Structure formats: C-alpha cells, structure tokens
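# Structural characterization, general
Residues per chain, in single letters:
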Amino acid sequence: MNATFYIASSVALVSTILAITRLNAVHSLLYMITSLLAGSLIFFVLGAPYIAALQTIVYAGAIMVLFIFVIMMLNQGPETAVQERAWLAPGAWIGPSLLTATLFFQVVLIVRGDGSWLPGTKVVEPKEVSIALFGPYILVIELASMLLLSGLIGAYHLGRREPDRSEEQRS
Amino acid sequence: MMAHIPMEHGLMLAAALFCVGFVGLLVRRNILYMLMCVEIMLNAAGMAFVVAGSRWEHADGQIMYLIILTMAAAEVAVALALVLRFYRQFQTLDADAANTMRG
C-alpha cells in the first residue's frame, strides 16, 4: 500500500511550507516538528526503521529542544505572560495537531494491520547498518566523534559570557 | 510482491523539501528562521540518501544519513551559540543588522 508514503509526504510538504511562513517562532517550530515526524514515518515506510527512530529522537527531540531553549532565552520581559496566553489560543496548536493526528492514525494502522499498509520494500535492519558502520565505515565513527567534540568546544567557547566587558562598564 | 514506491517520487519529495528550505533561507531575514531552513535542507539531503539506499537495499544510504545527522547536530549547537551572541550584541534577530564588519 503506497498511500502511507504519499499521505506522509503531503503532510511533510504542507507542514514545511507552513513552518517557513509563520510569523511566530514557536508556531513554526511546531510545524517543523510535525514535518520531521512525517519524515520519520517516510523513512519507516521506506524500510529504514533505525533511521526513523534516530530522526524522531535526535532531530525532532534533541535539535528542536535546542531551538526551543534558545527561543526561551531570547524572549524575556513582562510581555511574555501575554504572549503565553496568546500561544494557548486554538489557532496556534490546531494545525500541527491535525497534521500529527494524520501521522498517528497511519502509525496505528501500520501497527494494528498485518503489514498491508507497508509497501513491499525490503527492510534494512539496524543490525546491517551497525555491521557496516563498525566494519568498513569505522573511520566515519572517528570523524563523527571528532566533529561532535569540536562542536561542543565551539558552542562552549561562543556561548560563554565576556568577563571583561562588565568590568569595563562598572569602572 | 507488492508494488514498490518509485524512487523518483522519493527523490522528488526530497527535492521539493530542499527547495522549500532554500526559498525560506532566501526570503526570511530572522536568523532563527534561517537556521531552521538550513535544518530543512540538511534533512532533505539526508532523505535523498535514505531513498537511494532503500532503492538498492543497502545500508550505505543510512550511514550517509547518520553522517548528515551528526553534522547537523554539531552545526546547530555552534549556530545557536552564535545566535545568542548575535542577540547579545545587536539586541535583535535581524540578520541584516550585521551587514557591516568592524575592521
């Protein structure tokens, strides 16, 4: 059944277009998360369950949480309470909820059905990926670890506060 | 054997997502939105790899996606730290505020 793929693709496209056209950063983050979840379902349908899980955990989980933290750190002041109340209006969450409900409905169909909602794509198991990753691609693991370490050091260096500037202002 | 999803459709979806992200990168001037558009583009590129890997039933496409995922995680950490510095210096998120260099 190819319909799963096409419905998830439509959800991904629509939510991505909505994500880049919203004026409020949190609204577009909601649509962005929906788009990433739709991508995860597409990966699952395409026979890559390991990648689907990683997309949900790392992209929709960790990276989007980083974005939310930054938005939280930038939006300070007394007007945040008013904004908070405005964010709870139904217009803010009904669109992402509907799109995510579509995805959830598809997942329930896949889990409950006898696999007829999945196309006949051969599933590349996590075991195969891991064997390839720690066999011929072992250099990639080393490169990824170095990249993540340099990213960590870079983010720490850029994110620290300047100690000398506040002293200059005081004197 | 059930019908396969044609590889062209998966690649077309990846290309469409990439184009949406690219247009957003060109149109939006808020630096947070530009970062999100970069994330969309990276994700679309990874999706193309996974589609191709699923077509040839190999694990290589998924490993390429893993590399892109690692790169995106490192990139977003550094870029969000830059956004915080940017906001601290200019008190705005408009990318055009930093159109002059001190030098």
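Whatever comes next refers back to the structure up there.
Structure report, in brief. If you're wondering where the values come from, they're calculated on a predicted model, not measured in any experiment.

Residue position: A:Ser9 is located in helix 1 (residues 3-21). The spatial distance from the C-alpha of A:Ser9 to the C-alpha of A:Arg22 is 20 Å, given a sequence separation of 13 residues. Aside from chain neighbours lying at most four places away, what touches A:Ser9 is A:Ile42 and B:Leu13. Engagement of the side chain of A:Ser9 in a polar contact is seen with the backbone oxygen of A:Phe5, the distance being 2.6 Å.

Let us now look at the side chain of A:Ser35. Tracing the backbone through its elements, the reader meets A:Ser35 in helix 2 (residues 25-45). With residues near it in sequence (within four places) discarded, A:Ser35 still touches A:Ala12, A:Ser15 and A:Thr16.

Glancing now at the environment of B:Val76. Looking at where B:Val76 falls in the secondary structure, it is placed in helix 3 (residues 60-90). When its relative accessible area of 0% is taken as the criterion, B:Val76 is described as buried. Note: C-alpha distance between B:Val76 and B:Val38 (38 residues apart in sequence) is 9.4 Å. Setting aside residues up to four positions removed in sequence, B:Val76 forms contacts with A:Ile63, A:Leu66, A:Phe67 and B:Glu39.

In the structure shown here, the tally under the stated rule is three aromatic pairs over all chains. Arranged with centres 5.2 Å apart and planes meeting at 80 degrees, the rings of A:Phe5 and A:Tyr6 form a pair that is edge-to-face. With relative accessibility at 1%, the residue A:Phe5 sits in the buried group. For A:Tyr6, a relative accessible area of 31% puts it in the partly exposed group. Plain terms: the ring middles of B:Phe86 and B:Phe90 are 4.9 Å apart, the flat faces sit at 50 degrees to each other, and that makes the pair tilted. In this pair, B:Phe86 and B:Phe90 both sit in helix 3, four residues apart, roughly one turn of the helix. With relative accessibility at 11%, the residue B:Phe86 sits in the buried group. Taking the relative accessible area as the measure of exposure, B:Phe90 reaches 34% and is therefore partly exposed.

Now for the interface of chain B and chain A. Between chain B and chain A, the contact holds 55 residues from the first and 63 residues from the second. When the two sides are added together, the surface that chain B and chain A hide from each other amounts to roughly 5300 Å², 76% of it contributed by carbon and sulfur. Contact with chain A buries surface across chain B, with B:Ile5, B:Met36 and B:Gln62 losing the most and accounting together for 12% of the total. At the boundary of chain B and chain A, one finds zero salt bridges. For the pair chain B and chain A, the interface holds 11 residue pairs in polar contact (both at pLDDT 80 or more). Take the side of chain B that touches chain A: its biggest share by element is 24 residues, from helix 3 of chain B.

What counts and what doesn't
Residues numbered from 1 in each chain as written. Chains lettered and ligands numbered in written order. Predicted model: local features only at pLDDT ≥ 70, side-chain atom pairs only at ≥ 80, totals over all residues. Heavy atoms only, no water. Helix = DSSP H or I, 4+ residues; strand = E, 2+ residues; numbered from the N terminus. Contact = heavy atoms within 4.5 Å. Polar contact = N/O pair within 3.5 Å; in protein donor to acceptor, adjacent residues only side chain to side chain. Buried < 20%, exposed > 50% of the residue type's maximum accessible area, 1.4 Å probe, protein only. Phe/Tyr/Trp six-rings, centres within 6.5 Å; stacked < 30°, edge-to-face > 60°. Buried area = accessible area lost by both parts, 1.4 Å probe. Salt bridge = Lys/Arg side-chain N within 4 Å of Asp/Glu carboxyl O.

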